[in-house]
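Spelled out from the first residue to the last, the chains are:
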Amino acid sequence: MFNRGEKRGQVTLFIIIAIIIVILGVLLFLFWDTISLSFGFGLQDPNQFMEKCIKEDLQKNLEIISTQGGYMSPPHYFMYRDDMFSYLIYTNEYYKLGVVQEPFLKKHIEEELFASVQEKAMRCFEELKEKYRKAGYSVNQGDGEARVELLPKRVILEFNYPLTMTKGEERNIFGGSSGKTISVVLHNNIYELIGIASSIINAEAVYGDAETKYYMLYYHDLKVEKKKQSEGTTLYMISDINNGNKFQFATRSLAWPPGYGLAEMLANE
Amino acid sequence: MNKKIILIFGMFFLVSIILTSGVFAQSVSWCCEKLLGIDQSAGMWCQNAPQSSCSPLYRTLSTSCEASDYCKPGTCIEQAEGICTANTPKRVCDEKGGYWREEDMDQLPQCQLGCCFIGDQVAFVTQTRCGSLASEYGLQINFRADINNELECIMSSSPKVRGACAYDANGVRDCEMLTKKECNDLQAGAIYENVMFHEGFLCSAPELNTICDPRGGTTCVEGKDEVYFMDTCGNIANVYDADKVDTLAYWTYLTGAVDNVEVECDVVEGDATNTIRRTCGNCDYYSGSTCTKKKFGDDIGTIAYGDYYCRSLDCTEGFDTDRSGVIESDEKNYKHGESWCVISGPDSAYKNNLITVKNGVIIENEILGTAEIQSGDENGVGAGETKTNIREDKNLNRGSNAYEEWKEILQEKFNLPGTRHYRALCFNGEVLIEPCADFRQEICMESATDDFSNAACKLNMWQNCMEQTDLKHCEDRTSRDCVWLPITSQKEEWDKGDRILVADNEAHVCVPAFGPGFATWKEENDAALICARASGDCTTIVKRWGLEMKDGKSAPKRIASGEECIRRGEKLFGVDKGTGEWRESKSMMTWFLGDCGEKKNYMNKYGADLGSMFGAEREPWRSDLY
């Protein structure tokens, strides 16, 4: 039915179409962002975008900070089973109560966590604004701040900048007096764990020791472990038995020397 | 008084003086605002240390930190949040943006804790903190300063009254279990129509005519221990009771709302049978049970209704004391919340020799008796009394069986190098092990009420044992942890004109029940200093017979001099290392001095060095002396 010449022509046509499809595919792949934005596709809700951009880093750094007594890089710690337990209360002497090194643990951890993600968080925020600009929005930002806040059962990274994104009749306002903020929310109960840690620190500061049993009696989902080390350090490991969230730290308060303390006394003379 | 007793008491007195001076004389001359850390700014704040340990970037003072103005400890307050932290140096408080006060926390009104009611929940915090929390939740502040105890605060939380909030939505009569306020808010939201609140009713109540029907399964509820029924809309109903699955009233009213609707199955205890667990969801954390979903492998059998049951929180499977992955066998089951003492001891495997201590003494052997006697004690002692003659009744006199058993315990089981006390706790079905302070500076004390034991690590008060001179003061458990020990001593007697030494069975000395341990692996440690005090030489004079003139006739005369290390009548030759009372006396000293003496460690091994030993050397006869 088809003569040889026509068959060859068909094959050539198919090949050309295939090449065009491949080229289009490659172009789409390379320029998808621009194309999709031009058509209004892929413009995520700002919160979703920020979550996708920074949440993983926030989660990872929060875990590090929790495991290391509130520090990304502990300045002074006790190493136990490959974890660095920061000293939150410390004395280098025997027979003496320790002095508190971090009196406001919640505030410290908020600052530490924010500092650990600040650079990337601000980059993500700039990327968000850029996405909207590319989609044809006019983006205006006022003065404000970004910060991390620890709240009951959650951790929030909040960008409290007055931000207005306008395109035609459409207007999106965040921050300022709008009541809407761009934020990333982690479900983590470090707030509660820090509350327990602060109570333990106060007990260590006043009495040189803390009774762990009562925390587990009062708070059913809590596990509080205490490990006294030979040189006088005490390690505390507070964890939620349901979700595995934990907070660990070290103390050294009212330590006793081995034996009669004579060797230590002579060493100090 | 017998020479030996004088010597022993003198040694103890000297040691106690050293101890006392050791406690109070430990002081370092400089207050470092910051110690040197991994870099010049990284060390700890406000420590007393040698000047060379202070960071050059910060201040130093040639006095203790307590006397300095910048490192003096006090209370640090974060005024906005209402957080108070004790024993914080002024410098640290200023650095962190706090407000520093010299007074202790309990002297500052703004640091007093009370009960803060936030919605359904409570928090034991300061009043300022309560206000901060309330504003976070958008609620009114409700602070009770009269509740100054955390347990009382937790127990005083009372959930708000709930009921069925029925409304029309999408052409049907839907329902949710809400508080009255929440239901009113739903009405005010104007999303649903015909919103009505029915206090004390469940959504499955037939008269409400909602789409929610009974028997929608069971579930756990966050913040609660019990297993709850659900209706077909997923609303939480009453506590699960298999006998009430088909009881109309139980699906109509909330328990407590009407007289004849109550939770009738008893609270499920930790040791409840599986039959009870399968049919009753009345779990209680303090009784040892909590709600859980049945998983594959759970040994509960088929639950009468639903997939949830009351899991036991008791500890029944033994525990792994040294985290080796091997569970030591322990036949006793421990209740949730119970705690008890464990001491590491020797045997072929440390983990197989866990011995419990009650009331500060070893219960494995009743020799030491008890100084803490409960009322109604079978020995006829009133509450709080100490009956000292219990010990005497046990006849801990030297040579008695009781004494020999006690020696064996002290010498071969406890107070060995490496022995340590631990507190074990049972919580949530898991045994947690808490070591007491090392070197036996803390010991574990345990008491029991109705077979429920409570234990705690406490300071080992051995320091002034040696100063006590009678049984009553020695074994006063409120002041010290000591034992009134009969010691091997000798007294002089005359036998046929010769001075001889015989055993004195009446002498006693007050010694630590658990002597302190030494860090023998350190270059500078107390072992050499202290153990040397138990060292000594005992010169044994081999008896010789000479002749003397007595009543005009020559007669044999026994020549003896110095201390006798041998039993009367024995001779010391060859490889004999010394036997008898002198050696025993020296050994006994080492038991309570600390990690001294002829001992194996807690792993039943001898140390790397020779350590303590008894040896004998024979010297030529000194005829010039005798």
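Anything mentioned here points back to the structure above.
Keep in mind the model is a prediction, meaning the values are calculated, not measured.

Caption draft 1: Geometry of the overall build of chain A. Each helix and strand in chain A was counted, giving seven helices and 12 strands. Taking 2.2 N^0.38 as the reference for a compact globule, 269 residues should give roughly 18 Å; the C-alpha atoms of chain A span a radius of gyration of 29 Å, well beyond that estimate. Taken along its principal axes, the extent of the C-alpha atoms in chain A is 110 × 55 × 40 Å. Counting all 269 residues of chain A, 49% fall into the buried class. Relative to all contacts within chain A whose residues are 6 or more apart in sequence, the contacts with residues 24 or more apart total 59%. Of the roughly 13,300 Å² of accessible surface on chain A, a fraction of 55% belongs to carbon and sulfur atoms. Charge-centre separation for chain A: the mean point of 29 positive side chains lies 8 Å from the mean point of 34 negative side chains.

Caption draft 2: Summary view of the overall build of chain B. Within chain B one finds 11 helices and 30 strands. The burial tally for chain B puts 45% of its 626 residues in the buried class. For chain B, long-range pairs separated by at least 24 residues make up 50% of all intrachain contacts whose partners lie at least 6 apart in sequence. When the accessible surface of chain B is totalled, it reaches about 32,200 Å², and 48% of it is carbon and sulfur.

Caption draft 3: Looking closely at helix α3 (residues 46–67) of chain A. Residue and element names in this part refer to chain A. The first and last C-alpha atoms of α3 sit 31 Å apart over 22 residues, in line with the 32 Å expected at 1.5 Å per residue. A bend of about 50° at I54 is the largest found in α3. G69, located one to two residues past α3, shows a positive phi value of around 70°.

Caption draft 4: Local environment of the interface of chain B and chain A. Contacts between chain B and chain A engage 81 residues on the former and 60 residues on the latter. Summed over both partners, the interface of chain B with chain A buries about 6,100 Å², with 54% contributed by carbon and sulfur atoms. For the interface between chain B and chain A, the tally reads seven salt bridges. K96 of chain A serves as the salt-bridge partner of E66 of chain B, at 4.0 Å between the closest nitrogen and oxygen. Taken together, the links from chain B to chain A amount to 29 residue pairs in polar contact (both at pLDDT 80 or more).

Caption draft 5: Region of the structure containing the sheet that holds strand β10 (residues 162–169) of chain B. All names here are of chain B. What the three strands build is an open sheet, ordered β11-β10-β12; its pairing is antiparallel. Pairing within the sheet leaves two strands with one partner each, and these edge strands are β11 (172–179) and β12 (193–199). Neighbour-to-neighbour, the strand axes of the sheet open up by a mean angle of 20°, direction not taken into account. Each of β10, β11 and β12 is contacted by helix α5 (residues 180–188), which is oriented at about 140° to β11, the strand it contacts most.

Caption draft 6: Just the state of the cysteines, in detail. Residues and elements named next belong to chain A. Tallying each qualifying case throughout the model produces 19 disulfides over all chains. Paired through a disulfide, C53 and C124 show a sulfur-sulfur distance of 1.9 Å. Disulfide C53-C124: the torsion about the S-S bond is -75°, which places it as left-handed. Of this pair, C53 sits in helix α3 while C124 is found in helix α4 (residues 105–134), placing the two residues 71 residues apart along the sequence.

Caption draft 7: Representation of the packing of aromatic side chains within the structure. Across all of its chains, the model carries 21 aromatic pairs over all chains by this definition. Here the aromatic rings of F247 of chain A and F249 of chain A are separated by 5.9 Å at their centres, their planes lie at 40°, and the arrangement is tilted. Of the two residues examined, F247 of chain A and F249 of chain A, each falls in the buried class. Relative to Y58 of chain B, the ring of W45 of chain B has its centre 5.6 Å away and its plane inclined at 80°; by these criteria the two rings are edge-to-face. Here the residue W45 of chain B occupies a position in strand β2 (residues 45–49), and Y58 of chain B occupies one in the loop between β2 and β3 (60–61), the gap between them amounting to 13 residues. Among the residues examined, W45 of chain B registers a relative accessible area of 7% and is labelled buried. Through successive ring pairs, a cluster of aromatic residues spans F229, Y240, Y250, W251 and Y305 of chain B. Across the ring face of Y70 of chain B, the terminal group of R59 of chain B is positioned such that the distance to the ring centre comes to 4.1 Å.

Caption draft 8: Representation of unusual backbone geometry. Positive phi outside glycine occurs at K153 of chain A, with the angle close to 65°. Along the chain, K153 of chain A turns up in the loop between β5 (145–151) and β6 (154–160). Positive phi outside glycine occurs at N87 of chain B, with the angle close to 50°. On the secondary structure map, N87 of chain B appears in strand β5 (residues 83–89).

Caption draft 9: View of the sheet that holds strand β14 (residues 227–230) of chain B. Residues and elements named next belong to chain B. The sheet built from three strands is open, its strands ordered β13-β14-β15 with antiparallel pairing. This sheet does not close on itself; its edge strands, each paired only once, are β13 (218–220) and β15 (236–239). Each neighbouring strand pair of the sheet contributes to a mean axis angle of 45°, computed without reference to strand direction. The pairing of β14 with β15 spans two bridges and is antiparallel. Looking at the pairing, Y228 lines up with V239 of β15.

Caption draft 10: A look at the nonpolar core. Ranked by size, the top nonpolar core spans 69 residues in total, and within it M50, L157, F159, I200, I238, F247 and F249 of chain A carry the most contacts. Among all residues touching I200 of chain A, those that are not within four sequence positions of it are A210, Y215, V224, Y236, I238 and F249 of chain A. Ranked by size, the runner-up nonpolar core spans 32 residues in total, among them A237, Y240, W251 and I303 of chain B.

Caption draft 11: Spatial organisation of the packing of α3 of chain A against α4 of chain A. All names here are of chain A. Running from N to C, α3 and α4 cross one another at 160°; their axes reach a closest spacing of 9 Å. One element, α3, and the other, α4, form an angle in the roughly antiparallel class. For the pair α3 and α4, the crossing hand works out as right-handed. Looking at side-chain class alone, the contact of α3 with α4 contains 16 nonpolar, two polar and five charged residues.

Caption draft 12: Inspection of the pattern of salt bridges at higher detail. Within this structure, the stated rule accounts for 35 salt bridges over all chains. The shortest N-O distance in the salt bridge between D57 of chain A and K120 of chain A comes to 3.3 Å. In this pair, D57 of chain A is assigned in helix α3 and K120 of chain A in helix α4, connecting sequence segments 63 residues apart. Its relative accessible area of 25% is what places D57 of chain A among the partly exposed residues. A residue is classified by how much of its surface remains accessible, and K120 of chain A, at 27% relative accessible area, is partly exposed. The partner of D595 of chain B in a salt bridge is R440 of chain B, and the shortest N-O contact between them spans 2.7 Å.

Caption draft 13: Seen up close, the packing of α4 of chain A against helix α5 (residues 190–207) of chain A. Residues and elements named next belong to chain A. Where α4 contacts α5, the two axes come as close as 9 Å, and the packing angle between them is 135°. Compared by their axis directions, α4 and α5 come out oblique. Two secondary-structure elements touch here, α4 through L105, K106 and I109 and α5 through I190, Y191, I194, A197, S198 and I201. Taken together, the residues of the contact of α4 with α5 break down into seven nonpolar, one polar and one charged.

Caption draft 14: Structural detail: the pairing of strand β9 (residues 182–186) of chain A. All names here are of chain A. Of all five residues making up β9, four are buried, and the element is well covered by its neighbours. Direction of pairing for β6 relative to β9: antiparallel, over a ladder of five bridges. The residue bridging V155 from the neighbouring strand is L186, located in β9.

Caption draft 15: Representation of the pairing of strand β8 (residues 170–174) of chain A. All names here are of chain A. Where strand β7 (residues 163–167) lies against β8, five bridges are found, and the strand directions are antiparallel. Following the sheet pairing, T164 is matched in β8 by I173. Between β7 and the antiparallel strand that follows it, β8, lie two residues; G168 among them carries a positive phi value of about 65°.

Rules of the game
- Residues numbered from 1 in each chain as written.
- Chains lettered and ligands numbered in written order.
- Predicted model: local features only at pLDDT ≥ 70, side-chain atom pairs only at ≥ 80, totals over all residues.
- Heavy atoms only, no water.
- Helix = DSSP H or I, 4+ residues; strand = E, 2+ residues; numbered from the N terminus.
- Rg over C-alpha atoms; globule rule 2.2 N^0.38 Å.
- Buried < 20%, exposed > 50% of the residue type's maximum accessible area, 1.4 Å probe, protein only.
- Contact = heavy atoms within 4.5 Å.
- Areas by Shrake-Rupley, 256 points an atom, 1.4 Å probe, with all protein chains shown as cover.
- Lys, Arg positive; Asp, Glu negative; His and termini not counted.
- Charge placed at Lys NZ, Arg CZ, Asp CG, Glu CD.
- Expected span 1.5 Å × (residues − 1).
- Bend = angle between axes of the 7 residues up to and from the residue.
- Buried area = accessible area lost by both parts, 1.4 Å probe.
- Salt bridge = Lys/Arg side-chain N within 4 Å of Asp/Glu carboxyl O.
- Polar contact = N/O pair within 3.5 Å; in protein donor to acceptor, adjacent residues only side chain to side chain.
- Pairing = 2+ DSSP bridges.
- Axes fitted to C-alpha atoms, helices over the stretch in contact; angles between N-to-C directions.
- Disulfide = S-S within 2.5 Å.
- Phe/Tyr/Trp six-rings, centres within 6.5 Å; stacked < 30°, edge-to-face > 60°.
- Lys NZ or Arg CZ within 6 Å of the ring centre and 35° of its normal.
- Core = buried A, V, L, I, M, F, W, Y, C linked by side-chain atoms within 4.5 Å.
- Parallel < 35°, antiparallel > 145°, perpendicular 65-115°, else oblique.
- Left-handed = near helix turned anticlockwise from the far one by under 90°.
- Nonpolar A, V, L, I, M, F, W, Y, C, P; charged D, E, K, R; others polar.

Read these as layout, nothing more, since geometry by itself doesn't imply function.
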